[in-house]
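Structure assessment
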Amino acid sequence: MESFLNAMPKAELHLHLEGTLEPELMFQFAQRNGITLPYETVDQLREAYDFGNLQDFLDLYYQGAEVLQTEQDFYDLTWAYIERCKAQNVIHIEPFFDPQTHTDRSVPFATVISGISRALHDAEIKYGISSGLIMCFLRHLSELEALNTLHQAEPYLDKIIGIGLDSSEQGHPPAKFERVFAKARSMGLLAVAHAGEEGPAQNVIDTLDLLKVDRIDHGVRAAEDAALMQRLAKEKMALTVCPLSNTRLRVFNDMSQHNILQMLEQGLKVTVNSDDPAYFGGYLTENFIALEQGLGMTREQAVQLAANSFEYSFASRERKSEMKKLLQQFSAGQ
Ligand code: ADE
Ligand code: ZN
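Rules of the game
Residues numbered from 1 in each chain as written. Chains lettered and ligands numbered in written order. Predicted model: local features only at pLDDT ≥ 70, side-chain atom pairs only at ≥ 80, totals over all residues. Heavy atoms only, no water. Near = heavy atom within 4 Å. Polar contact = N/O pair within 3.5 Å; in protein donor to acceptor, adjacent residues only side chain to side chain. Areas by Shrake-Rupley, 256 points an atom, 1.4 Å probe, with all protein chains shown as cover. 1 Å grid on protein atoms, 1.4 Å probe; cavity = no way out; pocket = protein on both sides within 12 Å on 5 of 7 lines; lining within 4 Å. Sits in = over half its atoms within 2 Å of the grid points. Core = buried A, V, L, I, M, F, W, Y, C linked by side-chain atoms within 4.5 Å. Buried < 20%, exposed > 50% of the residue type's maximum accessible area, 1.4 Å probe, protein only. Contact = heavy atoms within 4.5 Å. Salt bridge = Lys/Arg side-chain N within 4 Å of Asp/Glu carboxyl O. Helix = DSSP H or I, 4+ residues; strand = E, 2+ residues; numbered from the N terminus. Donors = N, O, S within 2.8 Å, 3.2 Å for Na, K, Ca; no water. Tetrahedral: all angles 85-135°; square planar, octahedral: opposite > 155°, others 65-115°. Pairing = 2+ DSSP bridges. Arc of directions from axis to C-beta. Axes fitted to C-alpha atoms, helices over the stretch in contact; angles between N-to-C directions. Left-handed = near helix turned anticlockwise from the far one by under 90°. Nonpolar A, V, L, I, M, F, W, Y, C, P; charged D, E, K, R; others polar.

1. Notes on the site of ligand 1
- In the vicinity of ligand 1, the contacting residues are His16, Leu54, Phe57, Leu58, Tyr61, Asp166, Ser167, His194, Glu197, His218, Asp275 and Asp276.
- Within the side chain of His218, one N or O atom sits 3.4 Å away from a nitrogen atom of ligand 1.
- In the model, a nitrogen atom of ligand 1 is placed 2.6 Å from a nitrogen or oxygen of the Asp276 side chain.
- Burial of ligand 1 by the protein amounts to 100% of the accessible area it has alone, namely 260 Å².
- Judged by the fraction of its atoms near the pocket grid, ligand 1 is located in the largest cavity.

2. Observations regarding the nonpolar core
- By size, the foremost hydrophobic cluster in this structure holds 111 residues, and its most contacted members are Met8, Phe181 and Leu305.
- Ignoring anything within four residues of it in the chain, the contact list for Leu305 reads Ile260, Leu261, Leu264, Val270, Thr271, Val272, Phe288, Leu291 and Met297.

3. Looking at the pattern of salt bridges
- Summed over the entire model, instances satisfying the criterion amount to 16 salt bridges.
- One salt bridge in this structure joins Asp50 and Arg250, with 3.2 Å as the shortest N-O distance. Note that Asp50 is positioned in the loop between helix 3 (42–47) and helix 4 (54–64) and Arg250 in the loop between helix 12 (243–248) and helix 13 (260–265), a separation of 200 residues in sequence.
- Linking Arg319 and Glu322 is a salt bridge whose minimum nitrogen-to-oxygen distance equals 2.5 Å. Here Arg319 pairs with Glu322, and both are found in helix 17 (residues 317–332), just three residues apart, close to one helical turn.
- Three or more residues joined by partner-sharing salt bridges are found here, namely Glu22, Glu24, Arg46 and Arg84.

4. Section: the coordination of the zinc ion (ligand 2)
- Distances from the zinc ion (ligand 2) to its protein donors, namely His14 (NE2), His16 (NE2), His194 (NE2) and Asp275 (OD), fall within the range 2.0 to 2.2 Å.
- One can describe the donor arrangement at the zinc ion (ligand 2) as irregular, given that its four donor atoms subtend angles of 86 to 173 degrees at the metal.
- For the zinc ion (ligand 2), the donor residues sit on a single chain with the sequence spacing H-x1-H-x177-H-x80-D. One end of the pair, His16, is in the loop between strand 1 (10–12) and helix 2 (23–32); the other, His194, is in strand 7 (residues 190–195), with 178 residues separating them in the sequence. As far as burial versus exposure is concerned, His16 and His194 are alike and both buried.

5. Details of the side chain of Arg215
- Inspection of the secondary structure assignment puts Arg215 in strand 8 (residues 215–218).
- In terms of polar contacts, Arg215 uses its side chain to reach the side chain of Glu94, at 2.9 Å.
- Here Tyr312 takes part through its backbone oxygen, which lies 2.9 Å from a polar atom of the side chain of Arg215.
- Residues in contact with Arg215, not counting those within four places in the same chain, are Leu13, Glu94, Ile134, Ala191, Val192, Ala193, Met237, Ala238, Thr240, Tyr312, Ser313 and Phe314.

6. Examining the sheet that holds strand 3 (residues 96–97)
- Taken in spatial order, the seven strands line up as 3-5-6-7-8-9-10 in an open sheet, and their pairing is parallel. The open sheet terminates on both sides in strands that have one partner only, identified here as strand 3 and strand 10 (269–272).
- Across two bridges, the pairing between strand 6 (residues 162–166) and strand 7 is parallel. Following the sheet pairing, Ile163 is matched in strand 7 by Ala191.

7. What about helix 8 (residues 143–153)?
- Those residues of helix 8 lying buried are Glu143, Ala146, Thr149, Leu150 and Ala153. End-on view of helix 8: buried residues confined to an arc of 120 degrees, all on one side of the axis. Turned more than 90 degrees away from the buried face of helix 8 sit Leu144 and His151, all of them exposed.
- Buried residues belonging to helix 8 abut helix 6 (99–103), helix 7 (109–127), strand 5 (134–138) and helix 9 (178–186).

8. Observations concerning the packing of helix 10 (residues 201–211) against helix 11 (residues 226–234)
- Axis separation between helix 10 and helix 11 bottoms out at 10 Å; the angle between their running directions is 40 degrees. In this structure, the crossing between helix 10 and helix 11 has a hand that is left-handed. Within the contact between the two elements, helix 10 uses Ala201, Val204, Ile205, Leu208 and Asp209 and helix 11 uses Leu228, Arg231 and Leu232.
- Residues of the contact of helix 10 with helix 11, tallied by class, amount to six nonpolar, no polar and two charged.

9. Quick notes on the sheet that holds strand 1
- Spatially, 1-2-4 is the arrangement adopted by the three strands of the open sheet, whose pairing is parallel. Because the sheet does not close on itself, it has two edges, and the strands there are strand 1 and strand 4 (130–131).
- Together, strand 1 and strand 2 (90–93) form the strand contacts of helix 15 (residues 284–295), whose direction differs from that of strand 1 by roughly 110 degrees.

10. As for the environment of Asp50
- The class for Asp50 is exposed, based on a relative accessible area of 57%.
- Counting along the chain gives 229 residues from Asp50 to Tyr279, while the straight-line C-alpha distance between them is 9.1 Å.
- Here Arg250 takes part through its side chain, which lies 3.2 Å from a polar atom of the side chain of Asp50.

And the structure:
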């Protein structure tokens, strides 16, 4: 089953590039940029990855991102993730990046986006991995700061397919970004947002109604509202679920309690994703394996989850059908 899950063609729709910063790479970047980390060794750093909630994680995640300084750092970070994708047969990716995490430290927007998009371009040329980059706003910062970030992105709209919203959900409801999302959508950008990760089902409702998103990131707490579940199914609204993230951040105490397969069986358009793999113990294959081990996911369910990742991606119609065909050929050959 593990080799089946690894070889199965799949797409990743919820992945923070800053969350792919493996401790080894963090030390390498720190050294080449003359930064001293508050940890002596890679093992010490890994030991610190024991989170009680989302905020515990975010504090370390923002601290870790400080080693990213140059265009080459952003290229190398993205390329290391691409190599993981290649090894796990992830054939399409829609990664997130958080420009404000960098521009607030005086790293220019251009430096960040150039390094990332150069690696994504090389991924397509070298490995045929297609992609669409999504720029996230940090919801703990103000509406004005998000609008400024959107303005900074204007010269690079050819490199971005959409916007997202991440960071601390508690205390920063979707309504705060209603005007930012309206402006971005009027510029032709697609929209996604984290909702219903730690926050209540009402955040998912408001994210749909106020931000008018094309997908919901996480959304697992929608299960607390039966009417919302019916609406999500009826509207075929995709939820990009992140199993290992949810157990590491204690949204669920144990994988055996995760609701992703229940939602799948109820007809919801759920997908499997790794969120911040360097911090949560695994990339896409490891997330699928965790569902098999913790919830007894069948091969049929795995294939359905992979099919959803293609169907609800932002890839072109032609690319979607090409990817779905690859998946059909794969599952027919097993
Ligand atoms: N930023 C990176 N990972 C995140 C998550 N799981 N939730 C909110 N913001 C994030
Ligand atoms: Zn996320």
